[in-house]
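# Overview (structure and organization)
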Amino acid sequence: MSYVTAKNLTKRFGDNTVFENVDFTIEKGEFITLLGPSGCGKSTLLRSLTGLNPIDGGEIWVNGENITQQTPQERGIGMVFQSYALFPNMTVEENVAFGLKMKNMASGDIQREVAKVIELVELKGREKHYPHQLSGGQRQRVALARALVVKPRILLLDEPLSALDAKIRKHLRQQIRDIQKEMDLTTIFVTHDQEEAMIMSDRIFLMDKGEIVQAGTPEEIYTQPANEFVAGFMGHYNLVDAPKAKQLFDIETNWKVAIRPESIYVKEAGRQYGSHISAPQTGVIKNHQLLGNVIRYQVDVDDCELTVDLLNRSSERLLDAGSKLELLFNLNEIQPVSA
Ligand SMILES: Nc1ncnc2c1ncn2[C@@H]1O[C@H](COP(=O)(O)OP(=O)(O)OP(=O)(O)O)[C@@H](O)[C@H]1O
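About the cut-offs
- Residues numbered from 1 in each chain as written.
- Predicted model: local features only at pLDDT ≥ 70, side-chain atom pairs only at ≥ 80, totals over all residues.
- Heavy atoms only, no water.
- Domains from an automatic or database assignment.
- Contact = heavy atoms within 4.5 Å.
- Buried area = accessible area lost by both parts, 1.4 Å probe.
- Salt bridge = Lys/Arg side-chain N within 4 Å of Asp/Glu carboxyl O.
- Polar contact = N/O pair within 3.5 Å; in protein donor to acceptor, adjacent residues only side chain to side chain.
- Helix = DSSP H or I, 4+ residues; strand = E, 2+ residues; numbered from the N terminus.
- Nonpolar A, V, L, I, M, F, W, Y, C, P; charged D, E, K, R; others polar.
- Near = heavy atom within 4 Å.
- Areas by Shrake-Rupley, 256 points an atom, 1.4 Å probe, with all protein chains shown as cover.
- Phe/Tyr/Trp six-rings, centres within 6.5 Å; stacked < 30°, edge-to-face > 60°.
- Buried < 20%, exposed > 50% of the residue type's maximum accessible area, 1.4 Å probe, protein only.

Next up on the list: the domain arrangement of the protein chain. Assigned domains within the protein chain: domain 1 (4-233) and domain 2 (238-337). Between the C-alpha centres of domain 1 and domain 2 the distance comes to 39 Å. At the junction of the two partners, domain 1 supplies seven residues and domain 2 supplies seven residues. Taken as a group, Tyr222, Thr223 and Glu228 account for 65% of the area that domain 1 buries against domain 2, more than any other trio of residues on that side. Connecting domain 1 to domain 2 are one salt bridge. The partner of Lys256 in a salt bridge is Glu228, and the shortest N-O contact between them spans 3.9 Å. Taken together, domain 1 and domain 2 are joined by two residue pairs in polar contact (both at pLDDT 80 or more). Contributing elements (two or more residues each) for the side of domain 1 that touches domain 2: helix H8 (218-223) and helix H9 (228-233). Looking at the side of domain 1 that touches domain 2 residue by residue, the classes come out as three nonpolar, three polar and one charged.

Written out as structure tokens, the structure is:
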């Protein structure tokens, strides 16, 4: 049996139905990311699990127990928000100790537990600091420590990294993942950052308009998008309509086909290609973007505009707009996708 089971979850605000009959299961210790565009219902779904946003229908089970009617305090679910939500007039250790005090834990035990968690989130030496004396990343680690110290059954993280700059963000996401693995803590993380979801998750639930449109490992979601929306959201898939797919790749389908920019190659003279590589098609470069180690070209192939990613090798010169090139397509990586 799964550790978390959600059955037919429904949530409305007035006559706005945010989601309806959503089902999912999560295993103990899994790191799940809810990924999707702004407004698709990620935060509402997360808050529904905590009981902060009571649901209008459905059931939530954790470890064999139906928690649907429980108060947020009874559920044993920890939550970290983007906005830290620390008590400004309390020190780091007072902030972290707060939840244990509420549980009437003996003060010696509180001290021990707080010290352990402060060490875990690498805030040793900052115990007596107030939130305004800390950086954004440190504040978010206090928020994390405060959620962890009460030993939650599930940890929910609502865009905890979005207010932080790129370098701190990378460090903290690794730290969160390490702690989560070490504690075998079932975690649900919300982001609209595709790269973050790919790096951190055991599985991604990709949401669109209140529906989980695909649930799978990062690899599955990236390489086998369930439909056009997923293909459009993950990576920079080229979507080619059916008649063009027949013309360019000789593929018969009623759907659009999706091909990733890195599955298109430039033909090299004298090189032998296997049977999974298409016949060459002539393309004309329209423009390019330099993305560090990759050059992203927009190429026109017989009135079909394709995105093509090539490695930025020092031995190769940048191709100018108007240059012609022979493109090859990896047929094993072209797939029809439903609307
Ligand atoms: N407290 C509320 N009262 C009324 N409507 C709400 C409330 N909270 C969210 N909504 C609505 O629910 C829908 C989903 O919002 P939600 O915040 O869950 O999306 P999200 O995917 O988390 O978006 P973002 O990535 O921008 O945070 C939106 O239409 C929003 O306007």
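So that's the structure; there's more coming.
The next subject is the site of the ligand. If you check the shell around the ligand, you find 13 residues, and the closest are Ser38, Gly39, Lys42, Ser43 and Thr44. In the environment of the ligand, an oxygen atom lies 3.5 Å from a nitrogen or oxygen atom belonging to the side chain of Asn16. Backbone polar atom of Gly39 to an oxygen atom of the ligand: 2.8 Å apart, as the coordinates give it. Relative to its unbound accessible surface of 630 Å², the ligand loses 57% to contact with the protein. Where the shell around the ligand is concerned, the elements lending two or more residues are strand S2 (16-26) and helix H1 (42-50). The biggest single contributor to the shell around the ligand is H1, with three residues. A breakdown of the residues in the shell around the ligand according to their chemical character gives four nonpolar, seven polar and two charged.

Positive phi, close to 55°, is recorded for Asn21, a residue that is not glycine. The topology assignment puts Asn21 in strand S2.

On to the packing of aromatic side chains. Going through the model one piece at a time under the given rule, you end up with six aromatic pairs. Relative to Phe98, the ring of Phe87 lies with its centre 4.7 Å away and its plane at 55°, an arrangement referred to as tilted. Of this pair, Phe87 sits in the loop between strand S6 (77-81) and helix H3 (92-102) while Phe98 is found in helix H3, placing the two residues eleven residues apart along the sequence. Phe87 sits in the partly exposed class, given a relative accessible area of 29%. Assessed through its relative accessible area of 28%, Phe98 is described here as partly exposed. Aromatic side chains Phe229 and Phe233 sit 5.8 Å apart centroid to centroid with 25° between the ring planes, which places their arrangement in the stacked category.

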